[in-house]
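Spelled out from the first residue to the last, the chains are:
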Amino acid sequence: MKSKIYVVCFLTLMATGFTTYAQVYKTASDTAKLNKEFIEVSNDIADLTAKLTIAQNNKPGYQSKATAAESTAKDAAETSSAQADKATQGGVKEAKKAKRKSKKAYRKAKGAQSADNDVSNQDDKIASLTGELAKKQERLAQLTEMRASINAKPIQQ
């Protein structure tokens, strides 16, 4: 029973929160506030569009770096493997070389992993900016509708 009360309270709080967040402009006296919010939302859309364009333009660079890092890591791993084969048949000198090459291969693999993380972070950033942009465009459409409804009403004196 308690959990139902919590759920009802939470939903009531959320419903009031959403209605207070979305300001509704209905009269001609609200036009100044509407115009101010319209300009703010338009500027936000322009900023988000610029950030999204930059992020999308940077993505191929991150992808090419990740591909290059992966290729380098594979080469280092193959070299390390070959050196390890020599070390099993050789002496201490080959074993030390094999150890150095394995450490190098490990560092290269970590670099490749880091580059892959950069690509996924860029994808997340693009998704986030796209979602934010969609919300702002939706709000701009709402403001445009409010402006049209205010302008359509006859002015009362």
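Look above for the structure.
The notes below deal with the structure included here. Because the structure is predicted, anything quoted here is derived from the model rather than measured.

1. Describing the overall build of the protein chain
Inference 1: From N to C terminus, the protein chain includes three helices and zero strands.
Inference 2: Counted from the first residue to the last, the protein chain has its helices and strands arranged as α-α-α.
Inference 3: Contacts in the protein chain between residues at least 24 apart in sequence constitute 80% of all its contacts with a sequence separation of at least 6.
Inference 4: By element, 58% of the accessible surface of the protein chain is carried by carbon and sulfur atoms, the whole surface being about 11700 Å².

2. Looking at the nonpolar core
The nonpolar side chains of soluble globular proteins are, as a tendency, buried together.
Inference 1: Membership of the largest hydrophobic core comes to 15 residues, with the highest contact counts inside it found for Tyr 25 and Leu 143.
Inference 2: Those elements that provide at least two residues to this core are helix H2 (31–89) and helix H3 (92–152).
Inference 3: In this view, Tyr 25 contacts Asp 30, Lys 33, Leu 34, Glu 37, Arg 139, Leu 143, Met 146 and Ile 150; residues no more than four positions away in its chain are not counted.

3. A few points about H2
Inference 1: End to end, H2 covers 85 Å across 59 residues, agreeing with the expected 87 Å (1.5 Å per residue, within 8%).
Inference 2: In the structure, H2 departs most strongly from a straight axis at Asn 58, where the bend amounts to approximately 25° and where the proline Pro 60 lies between one and four residues downstream.

4. A short note on the pattern of salt bridges
Inference 1: Overall, the coordinates contain four salt bridges when judged by the stated rule.
Inference 2: Note that Lys 136 and Asp 44 form a salt bridge whose closest N and O atoms lie 3.1 Å from each other. Of the two residues, Lys 136 is situated in helix H3 and Asp 44 in helix H2; the sequence distance between them amounts to 92 residues.
Inference 3: A salt bridge links Glu 70 to Lys 74, with the shortest nitrogen-to-oxygen separation between them at 3.6 Å. On the criterion of helical spacing, the pair formed by Glu 70 and Lys 74 is a turn pair, its members being four residues apart in helix H2.
Inference 4: What makes Glu 70 partly exposed here is its relative accessible area of 37%.

5. Here we look at the packing of aromatic side chains
Inference 1: Enumeration according to the criterion identifies zero aromatic pairs in this entry.
Inference 2: Positioned over the ring face of Phe 38 is Arg 147, at 4.1 Å from the centre of the ring.

6. A word on a positive patch on the surface
Inference 1: Taken together, Lys 86, Lys 93, Lys 96, Lys 97, Lys 99, Arg 100, Lys 101, Lys 103, Lys 104, Arg 107 and Lys 108 make up a surface patch of like positive charges.
Inference 2: Arg 107 sits in the exposed class, given a relative accessible area of 56%.

7. Some words on the packing of H2 against H3
Inference 1: Across the interface, H2 lies against H3 with an axial gap of 6 Å and an inter-helix angle of 165°. One finds that H2 runs roughly antiparallel with respect to H3. Crossing geometry of H2 relative to H3 is assigned as left-handed.
Inference 2: Looking at the contact of H2 with H3 residue by residue, the classes come out as 29 nonpolar, 17 polar and 19 charged.

8. Topic: the environment of Thr 67
Inference 1: Within the secondary structure, Thr 67 is located in helix H2.
Inference 2: Along the sequence, Thr 67 and Ala 112 sit 45 residues apart, while their C-alpha atoms lie 8.0 Å from each other.

9. Quick look at the side chain of Ser 80
Inference 1: Assignment of secondary structure puts Ser 80 in helix H2.
Inference 2: A distance of 3.5 Å separates the side chain of Ser 80 from the backbone nitrogen of Ser 102, its partner in a polar contact.
Inference 3: With near-sequence residues (within four places) excluded, Ser 80 lies in contact with Ala 98, Lys 101, Ser 102 and Ala 105.

Cut-offs applied
- Residues numbered from 1 in each chain as written.
- Predicted model: local features only at pLDDT ≥ 70, side-chain atom pairs only at ≥ 80, totals over all residues.
- Heavy atoms only, no water.
- Helix = DSSP H or I, 4+ residues; strand = E, 2+ residues; numbered from the N terminus.
- Contact = heavy atoms within 4.5 Å.
- Areas by Shrake-Rupley, 256 points an atom, 1.4 Å probe, with all protein chains shown as cover.
- Core = buried A, V, L, I, M, F, W, Y, C linked by side-chain atoms within 4.5 Å.
- Buried < 20%, exposed > 50% of the residue type's maximum accessible area, 1.4 Å probe, protein only.
- Expected span 1.5 Å × (residues − 1).
- Bend = angle between axes of the 7 residues up to and from the residue.
- Salt bridge = Lys/Arg side-chain N within 4 Å of Asp/Glu carboxyl O.
- Phe/Tyr/Trp six-rings, centres within 6.5 Å; stacked < 30°, edge-to-face > 60°.
- Lys NZ or Arg CZ within 6 Å of the ring centre and 35° of its normal.
- Patch = residues over 30% accessible without salt bridge, like charges linked within 9 Å, V, L, I, M, F, W, Y side chains within 5 Å.
- Lys, Arg positive; Asp, Glu negative; His and termini not counted.
- Charge placed at Lys NZ, Arg CZ, Asp CG, Glu CD.
- Axes fitted to C-alpha atoms, helices over the stretch in contact; angles between N-to-C directions.
- Parallel < 35°, antiparallel > 145°, perpendicular 65-115°, else oblique.
- Left-handed = near helix turned anticlockwise from the far one by under 90°.
- Nonpolar A, V, L, I, M, F, W, Y, C, P; charged D, E, K, R; others polar.
- Polar contact = N/O pair within 3.5 Å; in protein donor to acceptor, adjacent residues only side chain to side chain.

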